[in-house]
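Single-letter residue listing:
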Amino acid sequence: MARLHHINAQSFDSAQFPKKTVALERLIEWLDMIPTEFEDKVKDHRLKTEVKDKARIEAEIELLHRELAEMDSPVVFCHNDLLLNNIIYNENEERITFIDYEYASYNNAAYDIGNHFDEFAGVDTVDYNNYPNKDFQMVWLRHYLERSNELNSLPPTDVTDYDVERLYVQVNKFALAAHFFWGMWALIQAKYSSIDFDFLGYGVTRFNEYFARKEEFLKLNMPKQL
């Protein structure tokens, strides 16, 4: 992932890949697109009983913008959809390849990592208890930062505990934004997609996980540098 985050996509097509935080901006753009009702009575009942109303959704978006603006996560080229099915591991070559770049864009690096951690829940059978714990994350994030240093011609040993802890806070707060992003995406798909899939149910799942983790992640504080 560190290598992906060092790609200069603007050198290929600056118009297609503007260097801005796409995910957070999309939340605002999508606010007017999310459905407030469905013609199907069962679906409409589920929407109104299982999903927060539009005013609450807007308030949560504003909260996320305030919280994440303080994180100062670098804007880099991101995959934005690194669920397990989009990661191919070649055991013989010990090589990992990412596929399906439909949602690739510039975004905050911590969002891409946080979204990936969210997707540890699985695809066919989803279990958010599989979200990686802090011990796992701290090892993963240190490897990420060390590789980033190598790509910037810096010594991997320059990565400090402070650097890792700081990224840990960023990633877990952006993991909330990823849940909210896919929750809103699913609501829109439930309204307009012709694909036979329970998008509404998926959206409810992502919103529920957002609210379940919200207090825990938002109270994380940036470490103090010694």
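Located above this text is the structure these notes cover.
Remember, predicted model here, so these are calculated numbers, not experimental data.

Trainee: Honestly, the overall build of the chain in this entry has me stumped. Any pointers?
Mentor: Secondary structure assignment for the chain yields nine helices and four strands. Of the regular secondary structure in the chain, the N- to C-terminal order runs α-α-α-α-α-β-β-β-β-α-α-α-α. A compact globule built from 226 residues would reach a C-alpha radius of gyration of about 17 Å, and the chain, at 18 Å, matches this within 12%. Over its C-alpha atoms, taken along the principal directions, the chain stretches across nearly 60 × 40 × 35 Å. With 226 residues in all, the chain has 46% of them scored as buried. In the chain, the share of contacts with a sequence separation of at least 24, taken over all contacts with a separation of at least 6, comes to 75%.

Trainee: So what exactly am I meant to see when it comes to unusual backbone geometry here?
Mentor: Backbone phi values are negative for most residues with the exception of glycine, while trans is the configuration of most peptide bonds. The backbone of Asp72 sits at a positive phi, close to 55°, despite the residue not being glycine. You can see Asp72 is positioned in the loop between α5 (54-69) and β1 (75-78). Non-glycine residue Ser153 carries a positive phi angle of around 60°. Of the residues examined, Ser153 reaches a relative accessible area of 67% and is grouped as exposed.

Trainee: Could you clarify how one ought to interpret the environment of Gly114 in this entry?
Mentor: With respect to the element layout, Gly114 can be found in helix α6 (residues 109-118). Sequence separation between Gly114 and Tyr168 is 54 residues, and the spatial gap between their C-alpha atoms is 9.2 Å. Other than its neighbours up to four places away in sequence, Gly114 contacts Val171 and Ala175.

Trainee: For this particular structure, what's the right way to read the nonpolar core?
Mentor: Proteins that are soluble and globular tend to have nonpolar side chains buried together. Counting residues in each nonpolar core, the largest one holds 63 residues, and the members touching the most others are Ile57, Phe180 and Met184. Sorting the residues of this core by element identifies α1 (2-5), α3 (22-30), α5, β1, α6, α7 (134-151), α8 (161-192) and α9 (199-218) as the ones contributing at least two each. Among the elements that line this core, the one with the most residues is α8, at 19 residues. Ignoring sequence-local partners within four residues, the contact set of Met184 consists of Leu27, Trp30, Leu31, Ile34, Ile57, Ile61 and Phe207.

Trainee: How should I be thinking about the packing of α8 against α9 in this particular structure?
Mentor: When two helices pack together, you describe them by how their axes are tilted relative to each other and by the distance separating the axes. Remark: α8 packs on α9, axes separated minimally by 8 Å, with the N-to-C direction vectors making an angle of 160°. By the angle class used here, α8 and α9 are roughly antiparallel. For the pair α8 and α9, the sense of crossing is left-handed. In the contact of α8 with α9, the residues fall into 17 nonpolar, five polar and five charged.

Trainee: Would you mind going over the side chain of Asp118 with me for this structure?
Mentor: Relative to the assigned elements, Asp118 resides in helix α6. For Asp118, the contacting residues outside a window of four places in its chain are Tyr128, Tyr131, Ala175, Ala178, His179 and Arg206.

Trainee: So what exactly am I meant to see when it comes to the packing of α7 against α8 here?
Mentor: Look at α7 against α8: their axes get within 9 Å of each other, and the N-to-C directions meet at 115°. Considered as vectors, α7 and α8 are oriented roughly perpendicular to each other. Like other packed secondary-structure pairs, α7 and α8 cross with a definite hand, here right-handed. Across the interface between the two elements, Lys134, Gln137, Met138, Leu141, Arg142, Tyr144 and Leu145 of α7 pack against Asp161, Asp163, Val164, Glu165, Leu167, Tyr168, Val171 and Asn172 of α8. Across the contact of α7 with α8, the residue classes break down as eight nonpolar, two polar and five charged.

Trainee: Looking at this structure, I do not really get α3. What am I missing?
Mentor: At 3.6 residues per turn, the α-helix brings residues three or four places apart onto the same side. Of all the positions in α3, only Val22, Ala23, Leu24, Leu27 and Trp30 are classed as buried. Considering only its buried residues, α3 is in contact with α5, β4 (105-108), α6 and α8.

Trainee: Where do I start with the environment of Arg46 in this structure?
Mentor: Mapping Arg46 onto the fold places it in helix α4 (residues 41-50). Counting along the chain gives 154 residues from Arg46 to Leu200, while the straight-line C-alpha distance between them is 8.2 Å. Leave out the neighbours within four places in its chain, and Arg46 touches Val51, Asp198, Leu200 and Gly201.

Analysis parameters
- Residues numbered from 1 in each chain as written.
- Predicted model: local features only at pLDDT ≥ 70, side-chain atom pairs only at ≥ 80, totals over all residues.
- Heavy atoms only, no water.
- Helix = DSSP H or I, 4+ residues; strand = E, 2+ residues; numbered from the N terminus.
- Rg over C-alpha atoms; globule rule 2.2 N^0.38 Å.
- Buried < 20%, exposed > 50% of the residue type's maximum accessible area, 1.4 Å probe, protein only.
- Contact = heavy atoms within 4.5 Å.
- Core = buried A, V, L, I, M, F, W, Y, C linked by side-chain atoms within 4.5 Å.
- Axes fitted to C-alpha atoms, helices over the stretch in contact; angles between N-to-C directions.
- Parallel < 35°, antiparallel > 145°, perpendicular 65-115°, else oblique.
- Left-handed = near helix turned anticlockwise from the far one by under 90°.
- Nonpolar A, V, L, I, M, F, W, Y, C, P; charged D, E, K, R; others polar.

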